[in-house]
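What follows is the residue order along each chain.
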Amino acid sequence: MSSEYETIMNEQKLHFALKFTGNWFFDVGILGFVNLMEGVYGWDLKTLQEKINEDKEKVYYGYFPFAYFYKWLLDRNEKANSKLIENLKEELEKKKFKDNKDLFDFVWFNFICRLFKELWIRKKSELVHKSEAYTRGGREKQVKKQYNYKNTEIYLKKIEERENLINKILRKHKDEIKKILKVEKELGKLEYKYLEQLLKSNDDSISLELKELIELLRERHEEINKFLNEEWENNVINQQKFTRDEDLFYRIPIDSGFYKNFLFFNNSLGNLEQKDSFYNAICFNFDKEEMLKKIDKPINKFLPSENEFSNINYTELSTKEFKSQIEYLFVYLLCFTYAFEKYENLGYVTFYSNDLEFSYIINKKLKLYKKKIEKSKDQNIILRVTWQQVIDSLVEYKSSWSLENMYIISYKRLDNQTQENIEYIGIPKLQASILLDDTIRYNLNNRIQFRSKNFENNFCWLLEEFIKGKPLYPIILNHINLVLNEETSLKINPSIYSLIIDAKILELRSRNKGKSLFSTDFFDTYKSLVGEIKKDLIYSSFSAGLVKGIFRDDDTKRRIARELFGALKEKNKNIFLNILLKNMNENKELCSNENFNRWIFDKIIKNDTSYEMYGLLLIMNLLRGEKN
Amino acid sequence: MRKISENAYYWQKVIGNKQLEIDLEKLKKATEDSFKNEKSDSYKQKLVYDLLEAVRNNDQKEFFYILLKAINKPKDNFKELWTRLKENYDLMPEEAFINFAYSIIIGIMATYSGGEE
């Protein structure tokens, strides 16, 4: 009985496991969600998963909303009381809730509203001129909704008192104030930013009379703040006793360039409406939130709007279908931007593969190189650093499927002319499966000189070329050319590995020519390829190495190497073999060495597919015997 | 620049419905078996040198002339090689000829007494 129960529980846990969906758009959101929670609560992916397994409602209805608002403040350099994080953890640990609505409301009033107290007070205090609290036009002056509540009169009276004092000061000390504020123009109505500046001014050069007046102004200003503080504490945080009519006065001042008027960002929504719309988004309640029914531009600037896109196939991407599959879809969609890291030179960038853990690890590692990336003038720096991280992670993370689907997603800024750049950086399955081998990867992870010093980019990262699916042979050919001209020293191992890998890939392709793409041995072929490469590395290194004994004299060997190189460069197999065998002919021992004889026959004479790689290997070995 | 087509080491010709191809492996083996009883290395070295010169110029006529002259001996040793040559003797495209010729040359070289008997 208990085992059955356990199975059900485990299945349930599995069902709620955080994992990617296969849709990059949702997946980036999930990554953003993980980043957000880690940024605010310090939970890594594993801890977050544990928290979700323990009590997912607490995570999604409690921790998440607070984290979202907390991060919003941080991103805008606003003050955010970090003590609230610990308080929230304590409260959520011990408190029991009726349902998720009860939980959400608790967090909203006690934590989110508390978090926004200072910003709210400032926004309300920003009303410098009482007249601006009224709507313009019309016969009767009406108080604007955002200033209208039960104590509006008291509030506006305090504003008026401060305004009168400001006017008095301005009248009396106009020139001195202009000096303090460092403005040339006439000060008509004082803007809030000037008021703030004035309140902060504490210069010895200010006349005594003005100093006293500013002090008085500070008192008035503090009075307003104190009054607003009490209103927020009493009516919002402690008792939540404000009516729907007063909703807009207590609106949480939150907006977003990315989401514009989406949900709680909408300026026309009051505090309670903001709360409801946020709650509805989390629990997928689209009966009340019409805009949640479809996925288009309001949800994310990467998407087209329904109006712009008249093609029926692409519009009205209904969220209904996702309801059962992705329980907290809107949580993730809201977190989309948090998957991106901002780089001064590149804009917002994220790494995406189809595996959550892998993407998470790589993005985390990328952040460590942020400074290096920002400083670099290299256009491809982000690709290079990413690949390096991917390669380094391969040891711990042997998933070649993920390697194939990798993307760098970036955007400079998102406005109505949605700008985006998605670069595919996947490593082909063939290359990925080869790179999974530690020794091969180690040897390819080298920068090798392939152009003369006079060129700007004269070094080449073998791994990058390989990942891009480019042949390595031409690079090694150029490298050997430089060695022949004594412009650089020979990089032996990276060269041998590159040549053998190239040869084996060519041979594999030649063998598979005409075969169907997904033959039954599709996966086995790749696996056995690494084995073939390693076997040939031993065989060919040894056998080709025997050529060193062709002559004792290094100069003669260099001369032969040069001649052979010329033939190879011209792709002339006949001349290559002719030069080789003619020189060999004088060394009977080498000719009849069974290993060497067999190797030349197998790898060069019989082989039209990859003889060039093996030929170059021979040349390399001729140069290798040199003393220096 | 000449591009060597893949798998060109087989010279294939079709007679009737039968496809003939040169088995380089067998050719090399037959050459080795034939020449291993020739004791003089300097003779073989000279022969190799001459053959190399002929291949270099893609002179197939000269190549076969030198080779046939060398094996035109009433010894049993050369029987297998004769059979192979009879099967394949023909004017070949250069790519096929190179592989054919060097297989024979490397075969002779394998029999130098510096190595195994």
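Residues numbered from 1 in each chain as written. Chains lettered and ligands numbered in written order. Predicted model: local features only at pLDDT ≥ 70, side-chain atom pairs only at ≥ 80, totals over all residues.

**Considering the overall build of chain A**
- Regarding its fold elements, chain A presents 26 helices and six strands.
- Here the analysis covers contacts within chain A between residues at least 6 apart in sequence; of these, 66% occur between residues at least 24 apart. (Helix = DSSP H or I, 4+ residues; strand = E, 2+ residues; numbered from the N terminus. Contact = placed C-beta atoms within 7 Å.)

**Here we look at the nonpolar core**
- In terms of nonpolar packing, the biggest core is built from 167 residues, with A:V331, A:L564, A:L616, A:I619, B:A101 and B:I105 touching the most fellow members.
- With residues near it in sequence (within four places) discarded, A:L564 still touches A:F576, A:I579, A:L580, A:G615, A:L618 and A:I619.
- Of all hydrophobic cores here, the second largest spans five residues; its members include A:I169, A:I177, A:L198 and A:I214. (Core = buried A, V, L, I, M, F, W, Y, C linked by C-beta atoms within 7 Å. Buried ≥ 20, exposed ≤ 12 C-beta atoms within 10 Å, placed from the backbone.)

**Some points on the domain arrangement of chain A**
- According to the domain assignment, chain A consists of domain 1 (2-116 + 252-336), domain 2 (127-236), domain 3 (340-427) and domain 4 (433-624).
- One C-alpha centre belongs to domain 3 of chain A, the other to domain 4 of chain A; they are set 33 Å apart. (Domains from an automatic or database assignment.)

**Observations concerning the pairing of strand β3 (residues 406-411) of chain A**
Residues and elements named next belong to chain A.
- Direction of pairing for strand β2 (residues 347-353) relative to β3: antiparallel, over a ladder of six bridges. Its bridge partner lying in β3, Y348 is registered against Y411.
- Pairing of β3 with strand β4 (residues 421-424) involves four bridges; the strand directions are antiparallel. Residue I409 lies in a different strand from β4, and its bridge partner there is I422. (Pairing = 2+ DSSP bridges.)

**Overview of the interface of chain A and chain B**
- Listed as interface residues are 24 residues of chain A and, on the opposing side, 30 residues of chain B.
- Per-element accounting of the side of chain A that touches chain B gives the leading share, seven residues, to helix α23 (residues 573-584) of chain A.
- Here the residues of the side of chain A that touches chain B sort into seven nonpolar, eight polar and nine charged. (Nonpolar A, V, L, I, M, F, W, Y, C, P; charged D, E, K, R; others polar.)

**Re helix α2 (residues 24-41) of chain A**
Residues and elements named next belong to chain A.
- Taking 1.5 Å per residue as the helical rise, α2 with its 18 residues ought to reach 26 Å, and the 25 Å between its terminal C-alpha atoms agrees with that figure.
- Packing partners of the buried residues in α2 comprise α3 (45-75), α4 (83-94), α11 (329-334), β2, α12 (356-368) and β3.
- A positive phi of about 75° marks G42, the residue just after α2. (Expected span 1.5 Å × (residues − 1).)

**Focus on the sheet that holds strand β1 (residues 341-343) of chain A**
Residues and elements named next belong to chain A.
- Taken together, the four strands give an open sheet; going across it, the order is β1-β2-β3-β4, and neighbouring strands pair in antiparallel fashion. Across the chains shown, the open sheet's two edge strands, defined by having one partner strand only, are β1 and β4. Ignoring strand direction, the axes of neighbouring strands in this sheet form an average angle of 30°.
- α2 rests against β2 and β3 of the sheet, and its axis sits at about 105° to β2.
- Helix-sheet contacts for α12 involve β1 and β2, and the interaxial angle to β2 is about 145°. (Axes fitted to C-alpha atoms, helices over the stretch in contact; angles between N-to-C directions.)

**Re unusual backbone geometry**
- With phi around 55°, A:E486 is a residue other than glycine that occupies positive phi space.
- Structurally, A:E486 can be placed in the loop between α19 (473-484) and α20 (492-512).
- Positive phi is not limited to glycine here, since B:N58 has a value of about 50°.
- With respect to the secondary-structure elements, B:N58 resides in the loop between α2 (41-56) and α3 (60-71).
- Given 13 C-beta atoms within 10 Å, B:N58 falls into the partly exposed group.

**Focus: the pairing of β2(A)**
Residue and element names in this part refer to chain A.
- The buried count for β2 comes to five of seven residues, which makes it a mostly enclosed element.
- Sheet topology note: the β1/β2 ladder contains three bridges and is antiparallel. Following the sheet pairing, E341 is matched in β2 by V349.
- Linking two consecutive strands that pair antiparallel, namely β1 and β2, is a turn of three residues.

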